[in-house]
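Commentary on secondary and tertiary structure
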Amino acid sequence: MKIEQIYTGCLAEAAYYIESEGEAVIIDPLREVDPYIKRAKKNNAQIKYILETHFHADFVSGHVDLSKKTGATIVFGPTAKASFDMKEAKDGEFIEVGKIKIKVLHTPGHTMESTCYLLIDEEGKEKALFSGDTLFIGDVGRPDLAVKTSLSKEELAGHLFDSLRNKIMPLNDDIIVYPAHGAGSACGKNMSKETFDSLGNQKATNYALRKDLEKEEFIKEILEGILPPPQYFPKNALMNKSSDNKTFDKIISLGTKALSLEEFDKEVKEGALVLDARHQRDFVKGFIPNSWFIGIDGPFAPWVGSVINDINQKIVIICPEGREEEVVKRLARVGYDNTVGHLKGSFSTWEKEGRNIDLILQLTAAEFAEEHAKGLNVLDVRTPGEFTIQHVENAQNQPLDYIFNRLKEIDVEKTYHVLCAGGYRSVIFISILKSKGWHKLVDVKGGCQALRSVDVSKMDFVWPTKQKEG
C-alpha cells in the first residue's frame, strides 16, 4: 500500500495518491491531472476512483478531466448532485482498491455533502482519515461556504459539531489525519503549518475537539472572527458541479500563445486585463500603464481570485520568460480560464519599443520612519486581524481582500504611504488603484517586516488578549 500527499503551496492544498495491488485512488485532485496519470503509469497502476471530499470552493478540481482520461469513477458523498456522471456514495459504504478498503464517512457541516474517507489497510486496521475540509490540523472547516443551501452558517456549524462528535472523535487515536488544506487557506481560520497529524494529538490540541465543548459554544467559537470568503469561492464551487468547463489542455494551449506587440495591443483594446506576474522589485521599477501586479512568486492564485471580480475576464500576461505555462496553470486552478496569451519578450519588448511606462515610488523603512515623524497618511492593506495585533499609529486599515468596498474613503488628491506585511500585497494594492486613477501612492518597501529594524516612534501595539481583558 502506498499513500502519498501531493501538497501545492500556493493554494495550501493537499491531494492524495493511494495505491494497492496495481489499483490507485486520487483524492481531491487539482485541475492539472497529467501528473497523477504519470504517477500511476510509472507504478503500472490503474486509477480506479477519484474521491472528492466535497465541492471545493477555493480551487477548480480536475475530477472530470481525470475521469475522461482514465475511465476512473468519480465519487462524492451523500447528497452531492452534479451535471456529470458520478457515484453518490452512501454513508458507511466501503470502496475496495486492491487489498485495501476505504470507508465513506458522511460528515456534513463545512458543506452538506462533505465526506471523509477512512482507509483500512490489508490487515483490516484503520490507518488514515482523509478529512477534506471537515477537520484540519489545528482547526476545522468554516461553515459558511456552502452554495445554494437554505441552511444558515449557524445550522451548518451545528451539523459540523455533530459530525466531529459522532463520526471522527470515536475513531482510534493512532489514525493519521490527512486534511485537504494547511496554513494559508481561507477555508479555515487558524490552520497549522503541519499538513498531517495523529487523531489523538488533534483530540488533545484542536480547540474544536475539546471533550467538554458544548454545541452552542462550538458554534460561537467557530464563527467568531470569520472573514467574508473571497469572492471567487462560490464561482469555483459551481464550476466543480459542472461538466461544461474547458479542458485544462485547451486552457494551456490558448493561454501560452506568444503575442506580438500589435496582437497584444489589440487584445488590450478589446478589454483584456494586463496581468504582470513578475517580482514586485521588478514591477515597481517600470510597468505597462494600467496593468495589475500579482507576482507569480507569491500566493498568486488566491489573490487573483480575490481581486479580479470577473472570473471570465480576458487576461494577457507579462511574466518572467519561460514561466508562461506556470502562470496560466495557476490562473486555471482558480477558474480564470480566459488567458489569451503573453507578450513575447515580456516587459523588455514594451520597453525597447519606447512605449510609455509607469512606476511606483518607494520609501525604505528608514526613510518612512523619518517621514512618519512629520505626519503621513498611511494605508495598511493587511487583514483586520493582522492590523489589530500591531500597526503604525494613525494608519488606516484598507484590506486588500476588500479593495473595491471602500475606495471612496481614499482621497484621490492626497498622498498615501501604503504598507503590508512584507511588500507583496502593497504593490498589488497600488497597481490596482493606479489603474483606477489614484496616483499619489508611495510603497513602503519591505512593509511591516522591514519596520521592525527601525525606530518608528509612533507604533501602536494592541494585543488581542488585552482587548478581551479590557
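Use the structure listed above.
For clarity, every value in this text was computed on a predicted model and none was experimentally measured.

Within the fold, Asp443 resides in strand S23 (residues 441-444). At a separation of 2.8 Å, a polar atom in the side chain of Asp443 contacts the side chain of Gln362.

Next up on the list: unusual backbone geometry. Even without being glycine, Ala12 reaches a positive phi, approximately 50 degrees. Exposure remark for Ala12: the relative accessible area of 3% places this residue in the buried category. The phi dihedral of Asn394 is positive, around 75 degrees, even though this residue is not glycine. Mapped onto the secondary structure, Asn394 falls in the loop between strand S20 (390-392) and strand S21 (396-397). Using a relative accessible area of 62% as the deciding quantity, one classes Asn394 as exposed.

It is worth spelling out the sheet that holds strand S15 (residues 292-293) at this point. With respect to topology, five strands assemble into an open sheet ordered S13-S17-S16-S14-S15, the strand pairing being parallel. Every interior strand has two partners, whereas the edge strands, strand S13 (258-259) and S15, have only one. One ladder, built from four bridges, connects strand S14 (residues 273-276) with strand S16 (residues 315-318); its direction is parallel. Bridge pairing links Val274 to Val316 in S16.

As a volume, the largest pocket reaches approximately 1,600 Å³. What lines the largest pocket is a set of 46 residues, among which Gly188, Lys189, Leu227, Thr383 and Asp401 lie closest to the centre. Those elements that provide at least two residues to the lining of the largest pocket are helix H10 (300-307), helix H14 (384-389) and helix H17 (464-469). At five residues, the largest contribution of residues to the lining of the largest pocket is made by H14. Of the residues in the lining of the largest pocket, the class split is 23 nonpolar, 14 polar and nine charged.

Rules and cut-offs
Residues numbered from 1 in each chain as written. Predicted model: local features only at pLDDT ≥ 70, side-chain atom pairs only at ≥ 80, totals over all residues. Heavy atoms only, no water. Helix = DSSP H or I, 4+ residues; strand = E, 2+ residues; numbered from the N terminus. Polar contact = N/O pair within 3.5 Å; in protein donor to acceptor, adjacent residues only side chain to side chain. Buried < 20%, exposed > 50% of the residue type's maximum accessible area, 1.4 Å probe, protein only. Pairing = 2+ DSSP bridges. 1 Å grid on protein atoms, 1.4 Å probe; cavity = no way out; pocket = protein on both sides within 12 Å on 5 of 7 lines; lining within 4 Å. Points joined across faces, edges and corners; volume = space filled by probe spheres on them. Nonpolar A, V, L, I, M, F, W, Y, C, P; charged D, E, K, R; others polar.

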